[in-house]
Amino acid sequence: MGQWIIKDFSRPPRELIEALGKFPCSVLSDCMNRFQSLDASVKPLKSGWRLCGPAFTVQSMESCNWGAHQALNLAKPGDVLVIAARGGTNCAVWGHLMTVAAKRTALAGVVIDGCVRDMEQNRNEEFPIFCRGTSPGGPHKGWLCNINVPVSCAGVSISPGDVIVGNDDGVVVIPVDRAHEVLEEAKRRLQMEKEWYRRIESGEGTLGVIGIDPI
């Protein structure tokens, strides 16, 4: 079986993506039975960065960024590049030159199951990068990657068009066919948590609020 390159895919409505992006990742994960969150090592390169958009997936070999460069040429404004690079930490698969190109295309951000380089320069850009870490070692381009296929990224299955949301907590993945359901549940969940805070501030303890029997 050879290489798979899918140049385009169906994306969810922009208003749905923007609505989901307003919620904390923790709330969204709670709405999906506390699943759908990437491995905790995948964090924003800079505190305070948020991202939200449809997944444009790249399945790559470790330490290879051929597919990431191809994705920069194919992705559309608002997409989140998801680079499933097998969690490699010895060589970076993303650098500052790619960040500049991604900003020019108006991508929403990049999530990498692997490392990046040029950390100081990348942190000075207003472009959200979520990754496992940094490495000065550069990548190779010697292995053709698959583009816009279902991938396993940091422990979660991601398909093209799934909604990716990231904040300081990490990254969650909302399957596109569940996006409306998760949005409505997130609204209910946020109202419930507001009521919890009100009860705590009025003097009630967490056992009663959460519903745990006391010892």
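Below is a short write-up of the structure. In this text the structure is predicted, and so the values were computed from the model without any measurement.

## Structural notes on the overall build of the chain
Each helix and strand counted, the chain has seven helices and 12 strands in total. Principal-axis analysis of the C-alpha atoms gives the chain an extent of 60 × 35 × 30 Å. Burial statistics for the chain: of 215 residues in total, 47% are counted as buried. The long-range share in the chain, meaning contacts at least 24 apart out of those at least 6 apart in sequence, stands at 76%. Here the chain displays about 10700 Å² of accessible surface, and carbon together with sulfur accounts for 52% of that area. When the 23 basic and 24 acidic side-chain charges of the chain are each reduced to a single mean position, those positions are 5 Å apart.

## Points about the pairing of strand S11 (residues 163–167)
Most of S11 sits out of view: five of its five residues are buried. The pairing of strand S2 (residues 51–59) with S11 spans four bridges and is antiparallel. The partner of Leu 51 across the bridge, within S11, is Gly 166. Judged from the five bridges that link them, S11 and strand S12 (residues 170–174) form a sheet pairing that is antiparallel. The residue of S12 that forms the bridge with Val 165 is Val 172. What sits between the antiparallel neighbours S11 and S12 is a turn of two residues.

## Observations regarding the packing of aromatic side chains
Tallying each qualifying case throughout the model produces two aromatic pairs. Between Trp 94 and Phe 127, the ring centres sit 6.4 Å apart and the planes meet at 10 degrees, which makes this aromatic pair stacked. Placement of Trp 94 in the loop between strand S3 (80–84) and helix H4 (96–105) and of Phe 127 in the loop between helix H5 (119–123) and strand S6 (129–131) is noted, with a sequence separation of 33 residues between them. Per residue, the accessibility class of Trp 94 equals that of Phe 127, and both read buried.

## A closer look at the nonpolar core
Formed by 26 residues in total, the largest nonpolar core has its most connected members in Leu 81, Ile 83, Trp 94, Val 110, Ile 112 and Ile 129. Mapped onto this core, the elements with two or more residues apiece are S2, helix H3 (66–74), S3, H4, strand S4 (109–112) and S6. When residues of this core are assigned to their parent elements, the largest contribution, three residues, is made by H3. In contact with Ile 83, other than residues within four places in its own chain, are Val 58, Ser 60, Ala 68, Val 93, Trp 94, Val 110, Val 111, Ile 112, Asp 113 and Cys 153.

## A few points about the pattern of salt bridges
A full pass over the atoms with the stated rule returns 17 salt bridges. A salt bridge links Arg 189 to Asp 30, with the nearest nitrogen and oxygen atoms 3.1 Å apart. Taken together, the residues Arg 189 in helix H6 (residues 179–201) and Asp 30 in helix H2 (residues 25–30) connect sequence positions 159 residues apart. As a salt-bridge pair, Arg 132 and Asp 113 come within 2.4 Å of each other at their nearest N and O atoms. Placement of Arg 132 in the loop between S6 and strand S7 (133–134) and of Asp 113 in the loop between S4 and strand S5 (115–116) is noted, with a sequence separation of 19 residues between them. Shared partners join several salt bridges into a network, and the residues in it are Asp 8, Arg 11, Lys 76 and Asp 79.

## A few points about a nonpolar patch on the surface
Together, Leu 207, Ile 210 and Ile 212 make up a nonpolar patch on the protein surface, roughly 260 Å² of accessible area in all. Mapping Ile 212 onto the fold places it in the segment after helix H7 (206–210).

Definitions and cut-offs
- Residues numbered from 1 in each chain as written.
- Predicted model: local features only at pLDDT ≥ 70, side-chain atom pairs only at ≥ 80, totals over all residues.
- Heavy atoms only, no water.
- Helix = DSSP H or I, 4+ residues; strand = E, 2+ residues; numbered from the N terminus.
- Buried < 20%, exposed > 50% of the residue type's maximum accessible area, 1.4 Å probe, protein only.
- Contact = heavy atoms within 4.5 Å.
- Areas by Shrake-Rupley, 256 points an atom, 1.4 Å probe, with all protein chains shown as cover.
- Lys, Arg positive; Asp, Glu negative; His and termini not counted.
- Charge placed at Lys NZ, Arg CZ, Asp CG, Glu CD.
- Pairing = 2+ DSSP bridges.
- Phe/Tyr/Trp six-rings, centres within 6.5 Å; stacked < 30°, edge-to-face > 60°.
- Core = buried A, V, L, I, M, F, W, Y, C linked by side-chain atoms within 4.5 Å.
- Salt bridge = Lys/Arg side-chain N within 4 Å of Asp/Glu carboxyl O.
- Patch = residues over 30% accessible without salt bridge, like charges linked within 9 Å, V, L, I, M, F, W, Y side chains within 5 Å.

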